[in-house]
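For reference, the chains in residue letters:
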Amino acid sequence: DTGVSQDPRHKITKRGQNVTFRCDPISEHNRLYWYRQTLGQGPEFLTYFQNEAQLEKSRLLSDRFSAERPKGSFSTLEIQRTEQGDSAMYLCASRSRHPAERLGPYNEQFFGPGTRLTVL
Amino acid sequence: AQSVTQLGSHVSVSEGALVLLRCNYSSSVPPYLFWYVQYPNQGLQLLLKYTSAATLVKGINGFEAEFKKSETSFHLTKPSAHMSDAAEYFCAVTQGWFGNEKLTFGTGTRLTIIP
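Residues numbered from 1 in each chain as written. Chains lettered and ligands numbered in written order. Predicted model: local features only at pLDDT ≥ 70, side-chain atom pairs only at ≥ 80, totals over all residues. Heavy atoms only, no water.

Undergrad: It is not clear to me how the packing of aromatic side chains should be interpreted in this structure. Could you clarify?
TA: Two aromatic rings are characterised by how far apart their centres lie and by the angle between their planes. Residues and elements named next belong to chain A. Considering all chains together, one arrives at 16 aromatic pairs over all chains under this definition. When the ring of F21 is compared with that of Y90, the centres are 5.4 Å apart and the planes differ by 40 degrees; the resulting orientation is tilted. Of the two residues, F21 is situated in strand β3 (residues 19-24) and Y90 in strand β9 (residues 88-95); the sequence distance between them amounts to 69 residues. Both residues of the pair, F21 and Y90, belong to the buried class. (Phe/Tyr/Trp six-rings, centres within 6.5 Å; stacked < 30°, edge-to-face > 60°. Helix = DSSP H or I, 4+ residues; strand = E, 2+ residues; numbered from the N terminus. Buried < 20%, exposed > 50% of the residue type's maximum accessible area, 1.4 Å probe, protein only.)

Here you go:
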């Protein structure tokens, strides 16, 4: 399977515990994105990497959240001291830049299956 | 700044009938627009995208969408609904080359197909 993969698919934790999710992008994609989707809502942007550099973070990404992409390949998203409000689906996406992007063509983001987090 | 509004959180159509899902956008720069579909407990799959080429865009599974700048709309249509089209549909916008790369999604439209 050459798509975006995420691990684990499901995580149940108790309030106050730390959790870490992993995302493996499509191998040739240098851009990697994290989104959060709560029930009945569309995904909301959390953060984005170009190679190993974290270029943008949403204000949704509180200081309890940290994301890394140490070698520009896989990425991890850690949530410390989880709260019930953190319960959501966490989606990872990746894309590659089209060589003619400044002229119009734009490659889309490919999404993984998501990690569903439940905080009890 | 960018945003998307999807009118109608739930749409029901009969099998074989026209599907019309509405999306209006707001963007301070020329937008790139996308429709994604999400089946239960799965990630998002791209249906189609508008990236400043042809305004009528054809996608997978018989879907198409038309970019109308004057109406700031990007509505999704399919001439004849199938049972397999039942899913959640999301419209999304990005500024791409012109600005930030994040996707901003609408709140989604749940499509139900009536046999």
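Undergrad: Please explain the sheet that holds β3 of chain A as it appears in this structure.
TA: Within a sheet, adjacent strands bond to each other through the backbone by hydrogen bonds, running parallel or antiparallel. Residues and elements named next belong to chain A. Strand order in this open sheet of four strands is β1-β3-β8-β7, and the pairing throughout is antiparallel. Every other strand in the sheet has two partners, leaving β1 (5-7) and β7 (65-68) as the edge strands with one partner each. Strand-to-strand, the axes of this sheet are offset by a mean angle of 15 degrees, without reference to chain direction. (Pairing = 2+ DSSP bridges. Axes fitted to C-alpha atoms, helices over the stretch in contact; angles between N-to-C directions.)

Undergrad: Which parts of the structure should I look at to understand the sheet that holds strand β6 (residues 56-58) of chain B?
TA: Residues and elements named next belong to chain B. A sheet is described by the order of its strands in space; here five strands give the open sequence β1-β3-β8-β7-β6, paired in antiparallel fashion. Only two strands of the sheet have a single partner each, and these edge strands are β1 (2-7) and β6. Direction aside, neighbouring strands of the sheet carry axes that sit 20 degrees apart on average. Strand direction decides the pairing type here: β1 and strand β3 (residues 19-27), joined by six bridges, are antiparallel. Residue T5 lies in a different strand from β3, and its bridge partner there is N24.

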